[in-house]
Amino acid sequence: MAARKLTAGRILEVLSSGSRALAGRDERVLVRVHVDATCPRGLARCVRDALVPERGTGDVEVLPLAAPPVGADAPDVALVLVGDGPCAELVGSYARAGVPVAMVVEGALDAPRLELPEQAAALVGTVAASSPEALLDKLAEWLAASCDKDLALAANFAFCRRAVSDALVARCALENAAVGAISLIPGSDLPVMCVNQAKLALELAAAHGLEVRPERALDLVGVVGAGLVWRALARRLVSLVPGVGALLKAGVAYGGTLATGAAVRLHVSADAAPAPAAGPGGQRAPAARLPAPGEAPPPPPAARAPGVPPAPPYCLLYTSDAARAPRGRGVRHHRGRRVMRARRECLFDRLEPLLARVEHPGRYLDHEWGSVSEQDGPFHLCMVYADVYEVGQPNLGVAILYNQVNAQEGMSCERCYLPWKDMAALMREEGVPLLSLESASPLASFDAVGFTLAHELIATNVLEALDLAGIALTSAERDEDDPIILAGGPSAWNCEPIADVFDAVLLGDGEESIVDACACIRDARAEGLSRADVLRRLARVPGTYVPSLYEVRVDETSTRWGYAAPLPGEDVPAVVLKRCVNDFAATPAVAQRIVPYVGIVQDRLSLEVLRGCARGCRFCQAGMTYRPVRERPAEQVVSGGVEGLLASGHNEISLTSLSTTDHSQCARILNEMNAALEGKGIRVSIPSQRLDAFGVEMAAAVAGGKRGGLTFAPEAGSQRLRDVINKNVTEEDLERAARNAFEGGWRRMKLYFMIGLPTETDEDVVGIARMAERVLEIGREVVGRGVRSGVSVSISVAVLVPKAYTPFQWCGQLAPDEVRRRQRLLLSEIRDRAIRVSYHDADVSLVEGALSRMGRAGFPLVRRAWELGCTFDAWTSEFDVSRWERAAADCGLDLADVACEDFPLTARLPWDHTSPGVDAGFLQREWRRAVEGVTTPDCTRATCAGCGVCPTLGVRNVIQGVRS
Amino acid sequence: MSSAQPFSGRPQDLPVKADLARLRVEYGKAERLAYLGHLDLIATVERCIRRARLPFSIGNGYARRVRIQFSSALPVGASSSCEYFDVRLTERVDAREALRSLRAATPEALAPLRAEYVPGRLPALEAWLDRSSWELACPRLAVGAEDLEEGVRRVRAAGELTYLRGEREKRVDLASTLVGFEAREEGGVVRARVETRVGATASLRPQVLLDAALSALGVPPATGVRVRRTAQLHEESGRLVEPFGPFGNEAPAPLS
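Residues numbered from 1 in each chain as written. Chains lettered and ligands numbered in written order. Predicted model: local features only at pLDDT ≥ 70, side-chain atom pairs only at ≥ 80, totals over all residues. Heavy atoms only, no water.

1. Considering the overall build of chain B
When its secondary structure is counted, chain B shows 6 helices and 11 strands. Oriented by its inertia axes, the alpha-carbon framework of chain B measures out at about 65 × 40 × 35 Å. By residue count, 50% of the 256 residues in chain B fall in the buried class. Across chain B, every contact between residues at least 6 apart in sequence was considered, and the portion connecting residues at least 24 apart equals 75%. By element, 50% of the accessible surface of chain B is carried by carbon and sulfur atoms, the whole surface being about 12,900 Å². Of the side chains in chain B, 38 bear a positive and 33 a negative charge, and the two mean positions are spaced by 6 Å. (Helix = DSSP H or I, 4+ residues; strand = E, 2+ residues; numbered from the N terminus. Buried < 20%, exposed > 50% of the residue type's maximum accessible area, 1.4 Å probe, protein only. Contact = heavy atoms within 4.5 Å. Areas by Shrake-Rupley, 256 points an atom, 1.4 Å probe, with all protein chains shown as cover. Lys, Arg positive; Asp, Glu negative; His and termini not counted. Charge placed at Lys NZ, Arg CZ, Asp CG, Glu CD.)

2. Description of the sheet that holds strand S7 (residues 411–417) of chain A
All names here are of chain A. Here 6 strands make up an open sheet; going across it, the order is S7-S6-S8-S9-S10-S11 and the pairing mixed. Each edge of the open sheet carries a strand with a single partner, namely S7 and strand S11 (544–545). Across the sheet, helix H19 (residues 510–526) lies against strand S6 (379–385), S7, strand S8 (448–452), strand S9 (484–488) and strand S10 (504–506), angled at about 135 degrees from S6, the strand it touches most. (Pairing = 2+ DSSP bridges. Axes fitted to C-alpha atoms, helices over the stretch in contact; angles between N-to-C directions.)

3. A short note on the interface of chain B and chain A
Each side of the interface is counted separately: chain B has 20 residues, and chain A has 28 residues. Both sides together, the interface formed by chain B and chain A hides about 2,100 Å², and carbon and sulfur atoms give 57% of it. Ranking the residues of chain B by area buried against chain A places Tyr35(B), Arg47(B) and Arg51(B) at the top, with a combined share of 33%. There are 1 salt bridge connecting chain B and chain A. The shortest N-O distance in the salt bridge between Glu352(A) and Arg226(B) comes to 3.5 Å. The tally of links from chain B across to chain A stands at 4 residue pairs in polar contact (both at pLDDT 80 or more). Elements with a contribution of two residues or more to the side of chain B that touches chain A: helix H1 (38–51) and helix H2 (95–105) of chain B. If one sorts the elements of the side of chain B that touches chain A by residue count, H1(B) sits on top with 5 residues. Of the residues belonging to the side of chain B that touches chain A, the class tally is 9 nonpolar, 3 polar and 8 charged. (Buried area = accessible area lost by both parts, 1.4 Å probe. Salt bridge = Lys/Arg side-chain N within 4 Å of Asp/Glu carboxyl O. Polar contact = N/O pair within 3.5 Å; in protein donor to acceptor, adjacent residues only side chain to side chain. Nonpolar A, V, L, I, M, F, W, Y, C, P; charged D, E, K, R; others polar.)

4. Side note on the pattern of salt bridges
Side-chain pairing between opposite charges can occur once the charged atoms of the two side chains come close. Residues and elements named next belong to chain A. Applying the stated criterion across every chain, the model contains 81 salt bridges over all chains. A salt bridge links Asp-733 to Arg-736; the shortest N-O distance between them is 3.2 Å. Taken together, the residues span about one helical turn, with Asp-733 and Arg-736 both in helix H26 (residues 731–744) at a distance of 3 residues. On the basis of relative accessibility, which here comes to 11%, the residue Asp-733 falls in the buried class. Under the relative-accessibility criterion, Arg-736 is labelled partly exposed at 46%.

5. Description of the domain arrangement of chain B
Residues and elements named next belong to chain B. Per the domain assignment, the segments of chain B are domain 1 (14–128) and domain 2 (131–236). For domain 1 and domain 2, the distance between their C-alpha centroids amounts to 28 Å. Both sides together, the interface formed by domain 1 and domain 2 hides about 1,100 Å², and carbon and sulfur atoms give 45% of it. Here domain 1 is connected to domain 2 by 2 salt bridges. Of the charged contacts, one joins Glu-83 and Arg-229 as a salt bridge, the two residues approaching to 3.0 Å between their closest N and O atoms. At 7 residues, the largest contribution of residues to the side of domain 1 that touches domain 2 is made by strand S3 (residues 78–89). (Domains from an automatic or database assignment.)

6. Considerations on the domain arrangement of chain A
Domain boundaries assigned for chain A yield domain 1 (28–148), domain 2 (164–328), domain 3 (359–577) and domain 4 (705–840). A straight line from the C-alpha centre of domain 1 of chain A to that of domain 3 of chain A covers 56 Å.

7. Some points on the side chain of Ser133(B)
Residue and element names in this part refer to chain B. Topologically, Ser-133 is positioned in strand S5 (residues 131–138). A relative accessible area of 10% places Ser-133 in the buried class. Within the structure, the side chain of Ser-133 is placed 3.0 Å from the side chain of Glu-195, a separation counted as a polar contact. For Ser-133, the contacting residues outside a window of four places in its chain are Val-194, Glu-195, Arg-228, Arg-229, Thr-230 and Ala-231.

8. A short note on helix H14 (residues 348–355) of chain A
Among the residues making up H14(A), those that are buried are Phe348(A), Leu351(A), Glu352(A), Leu354(A) and Leu355(A). An end-on view of H14(A) places all buried positions within 165 degrees of arc, on one side of the element. Among the exposed residues of H14(A), those oriented more than 90 degrees off its buried face are Asp349(A) and Pro353(A). Check the buried side of H14(A) and you find it contacts helix H17 (421–430) of chain A together with strand S10 (226–236) of chain B. (Arc of directions from axis to C-beta.)

9. Concerning the sheet that holds strand S18 (residues 652–656) of chain A
Residues and elements named next belong to chain A. Strand order in the open sheet formed by 3 strands is S15-S18-S19, and the pairing between neighbours is parallel. This sheet does not close on itself; its edge strands, each paired only once, are strand S15 (605–608) and strand S19 (683–685). Shown here is a sheet whose adjacent strand axes are inclined to one another by a mean of 20 degrees, direction ignored. Bridge count for S18 against S19 is 3 bridges, and the pairing is parallel. Each residue of the ladder has a partner; that of Ser-654, found in S19, is Ser-685. Running at roughly 165 degrees to S18, helix H23 (residues 666–676) makes contact with S18 and S19 of the sheet.

Shown next, in the form of structure tokens:
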């Protein structure tokens, strides 16, 4: 960069010109206006309105025509508004005294004739304008040309700025042209010209009344650096066209400087524009500005004309003292408007000293095996999983998008994870922003940032990540140049509570839509579109929901959270349908290529064998939203798995999907895989098996190694209730599965249940206990009765959280008191000590339930919860329900009231506009069948159930074999 | 892959571990990975061995671990140019080939430098390597090289050093663990060389020694210190033996 090539002498020049610019800006300037009573009213009014000083250093005196001429304190410039009266004398006296004077007239012929010596005549100008706008422009031009104190004038009077800036730029351009012409040694003219441009930048800043600091000049070198392109061009032209070189270079230098000057002026004048009104719920407290060392403190803004807003403070992003001040929560630090996006640079050396002071520093290390270290871009995306590395690294969604974007020409993708609380506190203290992993660049320097919405409770972590990165929390508060914040993932189906945060939400399968979205952003930015227009373009990408283009309406057809409809005049669909990749076999088998150094939550290779599930369990959002069912062919699974294991070195492979045992070729896959991995000490595991598919062969096939606990999820304690939730497993299925498992060598069984299901009675709750006892009995029968047989059953009970796009979406959650009563009931029914009961925290479910049901009006709750310190809510050690309750009280909400509210079947719901393609009528039919206890078959095994996904999205199930 | 595991035969027919080929690999731990803990390092190296497709031997225990032994753990924050591990192979592949495939399968920051076969019945690596040499680089030290040596002399005179590790207090006997210390100044940075020996109780960490020396001089602890292990050796009857040999005739050690 040019800054680094500057010698000490040059830097002094810049600094001194900076202080000269400062001095120039702060000079006192006195403008005297003589008004003839008969002058045109319009012009007079216009001049009067324009000549309102914004700083304390400008003074304007308005006098009638007959006032005494120049006295002891001569003004710096005089204006005479000419009418019918005689003014030639007055004008002459000013001119002879050396004061530039302008006659403001409507037509050039109105100006009086003057007889003056040449020197004095040069100081007289005629500003003739018939309309106020033309008047101001011409007056400004004259002022810039005639008055010495142009910087002070510009700093005080807004209408002069453009003209003064133009004059400065032109002067600098001429200088640069001269420099360019004189030195013919290639490369030697660079420092001089860039210094000139740096000086120009400082002068322009001063002209706009802004703080002039040397760091500012260096910061604007980014813009100046663009000027280097011009010089590079010139050099190449010189080499091609000998002889004409000097002239060419000079011309390019001139033009280049003009362009650069224009760019700088645009940036600077944007800075000086009045700040927009504060966003909803936002507190705009300007950061405290401390004077740079050696600089006098800025003059207090005294004597400011009413109605003129103060210039907002300019904060250099990571070096301002405001960023370094330790910030407590609840005191939201709002950064002033930035001129440019954060610089993309490697800041690892600022993070490194902190590693010695935190827990488990290995989680902040990068360059893992398999990570993509060439991040050339030029389009840069960063995928963020808003939790610590160990939790976020195994996430398949991030891995898939990472590979997809890195494979594209011209795009690259990095990862970012949230630092743990100790590191986050240190980073805030030391002013280190949130950095990506691969290149340690600040998150705020990327073109786009993508968040994975893995579950509802990640919302506060998303806010924490944005705050650590220094990006404004809501879409409305962001600057033109800020990164575009995207989101997607399993929890995007009701993203309304945090919709305000995101610029765009990608629904459904992300493989193709992320590339489309990135290409759209890149092209739109290249065309120079404004941020709002970039978002409008994004809304055209299929499957993209742009919340800012929709408004929330509450009326008698909706619930209290209303529904979202396109803003009038915006060309966006009323319902955004998800993207669906139908050719699943075309996607790579093993998405997870990165092998982390540290131990992570699931330290194994994941292979997605199947996407979608059509079993139709009525509580399951994933089943409804991931349709249609697409299987991966067995050959691809086996070869991909073996190849992936050899490439990664893991000793365990996990065949992941929503229900792997439903894969029509599951048995074949397991057998072939076990055969291929014989003798290598590698385990094959399946995350969870369906009860009705756990046969003897399955038990043997999945063995392969350690026999720990086996998990099944019957979900409900009685057959009636299981039919209500459409979980089509019977008592016999459970008994058979348990018997097979115990005979296969397992000793510990874990059973998952839910309470709070619709139409649940106490009998059903007691049924849970009976089921557990039955399984224990089978275990004792098969293995033995003694304590040392090791047979144990543990049941885990969670509260149902009704989710969007399930047939239970209209139900409210079970009330907290009733939850506690049923939990006690269950506990009292368990009499055998070998059965352990554990509860998923009901408070966590309450918060999840609230977040699942709210509309956009719920964002203040999320924000307030974060301000009060809620982060890492998915961690049982970190979750604190009292903080959430306080946040709710602060927003006038009650968590139980929100989560337990029933919605009428006919109401318009807050999430109707983001759809996975499931028909609303289908969901209502399913609800009625649920209430009557009628089951619905699986469409991959029986006939179509009419959910509507296939016709709406134009997709179909892809089954490799035959499902039994 | 040779004999399939689990082994189907009589227990007395199982191959004896001591007779399996023992490949000793020297590798470095670059500064970038200085903060990788030892447990994570173990898991990483295991995966590298799998990726390199070496015919590693798996233990017969319940956990079925790869038969690999590491040299003593580096303190977190230290880098090294001489870390070692011994891996038992079921086949005796060419050492150069093994090194090449290991290098291709390991991240640069942990790149293996040298690989050779060593006698199978040597004692366990961690216990066998009892002498270490360290280099410390202290960029912003408040005292000079001579003062630092004086501080260390004072600490040594005290005989014993106690420090807090997490919540627990640890005692280090300096007479047996601290072999040598010398400091020199180079371009504003104080560089110190420390020789340590594995003692009967806790081992001496160079950072701890530095902190103790500075507090003995009444100076606040230093920041930004870089610790690097530069050599590991075996000491017996006054001689120093290199990790790759030549190995003398020692008294037979228990099977490792």
